[in-house]
Amino acid sequence: MTTRRRRTIGALLAAAVLALTTLPTTAASAAENYVPISGAGSSWSSVAIQQWAVNVQQYGMKVRYASTGSSDGRNQFKAGTVDFAVSEIPYGIKDGGVTDDPPTVGYGYMPVVAGGTSFMYNLSSGGKQITNLRLSGPVLAGVFTGKITSWDDPAIKADNPGLELPKRPVVPVVRSDGSGSTAQFTTWLSKKYPSEWDAYCKQAGRPLPCGVTSNYPTVPGKGFIAQPNSQGVSGYVAQKANVGTITYVEYSYALKTGYPVAKVLNKAGYYVEPTASNVAVGLLGAKINEDKNSSAYLTQVLDGVYDNADARTYPLSSYSYMVIPTTTDASLTPAKGKTLAAFDYYFLCEGQQQAEVLGYSPLPINLVQAGLEQVRRIPGAVAKDVDIRKCNNPTFSADGTNTLAAKAPQPPACDKLGAEQCTVGTGGAKATETPRQTQGGSSKGGGATGTSGSGEGATATSGGSFSGASGSGGEALSGGGSGGPGGTGVAANAVGNGSPVQCDADSGVCQNVAALPVSVDALHGWSSRQTLMLVAVAALLALVLLPPFIGVLVSRRRVRK
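This is a predicted model, so every value here is computed, not measured.

A. The sheet that holds strand S14 (residues 271–272), seen in detail. On the basis of which strands lie adjacent, the open sheet formed by three strands has the order S9-S13-S14 and mixed pairing. The strands lining the two open edges of the sheet, one partner per strand, are strand S9 (134–135) and S14. Of the strand pairs in this sheet, S9 and strand S13 (residues 263–265) are connected by two bridges, and their pairing is parallel. Across the sheet, residue Leu135 finds its bridge partner in S13, namely Val264.

Set out below in structure tokens:
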């Protein structure tokens, strides 16, 4: 082989090596073609949002979310310090005589996830934890307006004929910050028990009628405890020493901390838990603003949920919303809009598959379709034609009905008003039964655990996989966004055994969360572009290596001859 040929082959080999070394870099850069974005707001929704933010890291997206409360999230979005907000209530609501004015920039609402506002509690009797408490609407109103102050109150006893209730003070734990959870709960109080609510607000010095408020009023001497964020109220109740406490919080937090929630009496006369199925049934009674020209497009009116006559209804069911930008300004650029849109496409489709295991209820098909249309309004969005049939959302069906609601099991007979209550635990304490008390004071177990009625193929009870799931190896990360007052912004991380682990900064509880496999758009992984590059490199190698190989074979044959 001549010196010239060696130099030529060497140059070609160097080119081939260079092509091979740049191939992974090109593929990686294609997968990471997103700029980071930040959001703030609802702690009610934060368990789902933070889990989804972990899931999309594999596609190169960095989404930071600060769980600062709905009011702070809306204010930060209005001020331009975050790229999106999440809230349970829209702009424009009058609270304590002050109207929450909307942003001056373009914005819209997008449904995120559904769920139930639950009543998580810490109660024991005779040294044994009570996990099957039942509460009616008037009792809840009495507890959270300071009228009912002891757990052995006759009204609570009437709801719980099978329990030996302790003579212990009731300690309501409410939100100290502006909260969508508070707004949802006080909307229910103002609609269902207006006289009791107004009387309490008057004691707190609020103008009447009190109506909906994001900031829960407290009255000195009533014994209420105020804590920031959902993490704060649930973490306070979950402390073993705080027996007698009760709070309103999203169901997922009870699952996380391992504490029970009260079954709430519905219009049909059954005490029900806020499982994914019961929330889906309840929300069949919601009215959605479908006027695309309205500033409140896609927001909800829940009066029909409160009075839904279906026996499976959880009456305090609702949706949360993402506030999205529809125009660019100093903070939102088209590059950020591209990332936000990609994140929205993810959680509207694949992300809803995880809603139930996270303690929520998946969005129905009409809201997913409306959400997908809203994504296109985000500046910089790379619009997709999503085949909604491939979303694998458990609520979807061929005829448009809500499958999760249709297959929801009927409540058991022991959850009927007046019946001896079921002994099975609720929320994060499902595995802990509370035996019924007989008239003589002795306990009696064996409560009905099965469900009656038709429910073939019903989805498993929400959160069942969380029982006792205090995950190992959890790593807490600091929150993202422009964390407002009291915000925790805790993110999750994939550590330990490889599955995502989420740790709560306030309660210290860590858990493994099942991450479901999802289909990925080729743009964010190995695409046809990378395939063509690989073919080109293979052809280049063949061009470099085959001629000298053939030359060697020919030379050897000549020598033999």
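B. Structural context of the side chain of Asn242. Mapped onto the elements of the fold, Asn242 is located in the loop between helix H8 (229–237) and strand S12 (245–250). In this structure Asn242 comes out as buried when scored by relative accessible area, which is 15%. Looking at Asn242, its side chain comes within polar contact range of the main-chain oxygen of Tyr236, at 2.8 Å. Sequence-distant contacts of Asn242, defined by excluding residues within four places in its chain, comprise Asn122, Tyr236 and Val237.

C. Inspection of the pairing of S12 at higher detail. For S12, the tally of buried residues reaches six of six residues, placing the bulk of the element in the interior. The sheet contact formed by strand S6 (residues 107–122) and S12 spans six bridges and is antiparallel. Each bridged residue has a counterpart across the sheet, and for Ser118 the counterpart in S12 is Val249. For strand S10 (residues 171–175) and S12, the ladder comprises three bridges, and the chain directions are parallel.

D. Region of interest: the pairing of S6. The element S6 is largely enclosed, with a buried count of 16 among its 16 residues. Note that S6 and strand S17 (residues 317–325) share nine bridges and pair antiparallel. Each bridged residue has a counterpart across the sheet, and for Gly116 the counterpart in S17 is Ser317.

E. A look at the state of the cysteines. Taken as a whole and assessed by the stated rule, the structure comprises three disulfides. Disulfide pairing places Cys349 opposite Cys391 at an S-S distance of 2.1 Å. Measuring the twist about the S-S bond at about -120°, one finds the Cys349-Cys391 disulfide to be left-handed. Here the residue Cys349 occupies a position in the loop between helix H12 (334–348) and helix H13 (365–375), and Cys391 occupies one in the loop between H13 and helix H14 (403–406), the gap between them amounting to 42 residues. Accessibility classification places Cys349 together with Cys391 in one group, the buried group. Sulfur-sulfur distance for the disulfide between Cys414 and Cys422 comes to 1.8 Å. Taking the torsion about the sulfur-sulfur bond, which here is approximately 90°, the covalent link between Cys414 and Cys422 counts as right-handed. Using a relative accessible area of 3% as the deciding quantity, one classes Cys422 as buried.

F. Representation of the packing of helix H2 (residues 46–55) against H12 within the structure. With their axes 11 Å apart at the nearest point, H2 and H12 run at an angle of 110° to one another. Viewed along their axes, H2 and H12 adopt a mutual orientation that is roughly perpendicular. Crossing angle aside, the handedness with which H2 passes H12 is right-handed. From H2, Ile49, Trp52, Ala53 and Asn55 reach across to H12, where they touch Phe343, Tyr346 and Phe347. For the contact of H2 with H12, a count of residues per class yields six nonpolar, one polar and no charged.

G. Expanded view of the pattern of salt bridges. As enumerated under the stated definition, the model contains twelve salt bridges in all. Two residues, Asp177 and Arg175, come together in a salt bridge whose shortest N-O distance is 2.9 Å. We classify Asp177 as buried; its relative accessible area is 12%. Across the pair Lys191 and Asp303 runs a salt bridge whose closest N-O atoms are separated by 2.9 Å. Note that Lys191 is positioned in helix H6 (residues 180–192) and Asp303 in helix H11 (residues 303–306), a separation of 112 residues in sequence. Take Lys191: its relative accessible area is 43%, and that puts it in the partly exposed class. One salt-bridge network, held together by shared partners, links Arg74, Lys78 and Asp100.

How each quantity is defined
- Residues numbered from 1 in each chain as written.
- Predicted model: local features only at pLDDT ≥ 70, side-chain atom pairs only at ≥ 80, totals over all residues.
- Heavy atoms only, no water.
- Pairing = 2+ DSSP bridges.
- Helix = DSSP H or I, 4+ residues; strand = E, 2+ residues; numbered from the N terminus.
- Buried < 20%, exposed > 50% of the residue type's maximum accessible area, 1.4 Å probe, protein only.
- Polar contact = N/O pair within 3.5 Å; in protein donor to acceptor, adjacent residues only side chain to side chain.
- Contact = heavy atoms within 4.5 Å.
- Disulfide = S-S within 2.5 Å.
- Axes fitted to C-alpha atoms, helices over the stretch in contact; angles between N-to-C directions.
- Parallel < 35°, antiparallel > 145°, perpendicular 65-115°, else oblique.
- Left-handed = near helix turned anticlockwise from the far one by under 90°.
- Nonpolar A, V, L, I, M, F, W, Y, C, P; charged D, E, K, R; others polar.
- Salt bridge = Lys/Arg side-chain N within 4 Å of Asp/Glu carboxyl O.

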